[in-house]
Amino acid sequence: MIRAMSAQIRLVEITDANRDAVVAVRVHPAQERFVASVEKSFADARENPDARPWFRAVYDGDVPVGFVMLSWDTVPGPGLLGPYFLWRLLVGAGHQGRGYGTAVLNEVVALLRPAGATELLTSCVPGEGSPQPFYLRFGFVPTGEVDEDGEIILRLDLGSRP
Ligand SMILES: CC(C)(COP(=O)(O)OP(=O)(O)OC[C@H]1O[C@@H](n2cnc3c(N)ncnc32)[C@H](O)[C@@H]1OP(=O)(O)O)[C@@H](O)C(=O)NCCC(=O)NCCS
């Protein structure tokens with residue numbers, strides 16, 4: 001049996017050559033209330049330069065299986081959590097539950113440490129089908145705060161991870 005933790009992924013830059021294939025990665029329709037699409041993420045990134053968007057496609061071999069976007073080294077302020085904020089994470093509907101999401105978080109943590117980050121923040125919509133249990137399993141802890149959209153804020157202490 002393949003252990004979830006063992007998924008091999010690559011974080012790949014998005015160019016004109018792979019953009020359409022990455023945009024085609026979608027979650028289950030019932031999950032669309034928890035996460036915006038890749039296309040919407042590109043628009044959000046364009047419209048919010050202050051949030052210093054950093055994004056990559058997630059590949060398993062030559063197959064795009066997901067997308068991740070962070071706010072990278074921002075000056076936190078009203079409506080802007082940071083300095084490091086996991087803004088979007090999605091794994092395609094047909095690819096979920098195989099360890100890709102966990103592998104992406106591991107890879108992101110490995111990139112954040114040398115950048116000097118001490119914590120990674122994220123937020124999620126609570127409720128049935130929410131990714132909250134996924135984040136808690138990884139080690140994120142609710143801060144007790146809620147953002148302006150009613151999403152709960154979660155914090156991963158990078159110092160406490162092996
Ligand atoms: C949340 C998400 C990124 C997880 O990616 P994934 O590749 O399916 O996750 P993994 O396979 O690494 O799962 C790791 C563990 O978390 C669990 N898990 C994953 N998603 C979960 C969910 N929504 N609810 C409860 N548990 C979940 C898995 O069962 C697995 O547990 P296991 O190790 O005991 O088998 C993915 O399911 C997804 O894109 N969901 C829809 C979009 C979304 O909600 N994104 C987050 C926006 S805030």
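Please refer to the structure placed before this passage.
What you see is a predicted model, and the numbers here were worked out from it, not measured in a lab. (Residues numbered from 1 in each chain as written. Predicted model: local features only at pLDDT ≥ 70, side-chain atom pairs only at ≥ 80, totals over all residues.)

## Let's talk about unusual backbone geometry
At the junction of Gly 82 and Pro 83, the peptide bond is cis and its omega measures out at 10° in the coordinates. Mapped onto the elements of the fold, Pro 83 is located in the loop between strand S3 (63–72) and strand S4 (84–91). Of note, Arg 52 is a non-glycine position whose phi angle comes to about 45°, a positive value. Positionally, Arg 52 belongs in the loop between helix H2 (38–47) and strand S2 (53–60). (Helix = DSSP H or I, 4+ residues; strand = E, 2+ residues; numbered from the N terminus.)

## Looking at the site of the ligand
Near the ligand, the surroundings consist of 21 residues, among which Phe 34, Gln 96, Gly 101, Thr 102 and Pro 131 are the closest. Looking at the shell around the ligand, the elements that each hand over two or more residues are S4, helix H3 (100–112) and helix H4 (132–138). Here the shell around the ligand is composed, by residue class, of 12 nonpolar, 7 polar and 2 charged. (Near = placed C-beta within 6 Å. Nonpolar A, V, L, I, M, F, W, Y, C, P; charged D, E, K, R; others polar.)

## Points about H3
Its 13 residues give H3 an end-to-end C-alpha distance of 18 Å, which sits within 8% of 18 Å, the value for a rise of 1.5 Å per residue. Here H3 has its buried residues at Tyr 100, Gly 101, Ala 103, Val 104, Leu 105, Val 108 and Leu 112. Where the residues of H3 are buried, they touch S2, S3, S4, strand S5 (119–124) and H4. (Expected span 1.5 Å × (residues − 1). Buried ≥ 20, exposed ≤ 12 C-beta atoms within 10 Å, placed from the backbone. Contact = placed C-beta atoms within 7 Å.)

## So, the environment of Trp 87
For Trp 87, the position within the fold is in strand S4. Classification of Trp 87 as buried rests on a count of 24 C-beta atoms within 10 Å. Sequence separation of Trp 87 and Trp 72 is 15 residues, and the distance between their C-alpha atoms is 9.6 Å. Setting aside anything within four residues of it in sequence, one finds Trp 87 in contact with Pro 53, Met 69, Leu 70 and Ser 71.

## Things to note about the pairing of S3
Among the 10 residues that make up S3, 8 are buried, leaving the element largely enclosed by the rest of the structure. Sheet topology places S2 next to S3; 8 bridges connect them, and they run antiparallel. If you follow Ala 57 over to S3, its bridge partner there is Phe 67. One ladder, built from 7 bridges, connects S3 with S4; its direction is antiparallel. The residue bridging Trp 72 from the neighbouring strand is Tyr 84, located in S4. (Pairing = 2+ DSSP bridges.)

## Considering the sheet that holds strand S1 (residues 10–12)
The mixed open sheet is built from 7 strands, whose spatial order is S1-S2-S3-S4-S5-S7-S6. Strand pairing shows two members of the sheet lacking a second neighbour, S1 and strand S6 (141–146), which therefore form its edges. Taking the axes of each pair of neighbouring strands and ignoring which way they run, one obtains an average angle of 35° across the sheet. The strands that H2 touches are S2, S3 and S4; relative to S3, the one it contacts most, it runs at about 25°. Its contacts with the sheet put H3 on S1, S2, S3, S4 and S5, and the angle it makes with S3 is roughly 40°. (Axes fitted to C-alpha atoms, helices over the stretch in contact; angles between N-to-C directions.)

## Describing the pairing of S2
With 3 bridges joining them, S1 and S2 adopt antiparallel strand pairing. Pairing of Val 12 across the sheet is with Ala 57, part of S2. Hairpin geometry of S2 and S3 is characterised by an intervening segment of 2 residues between the two adjacent antiparallel strands and by a positive phi of about 65° at Gly 61.

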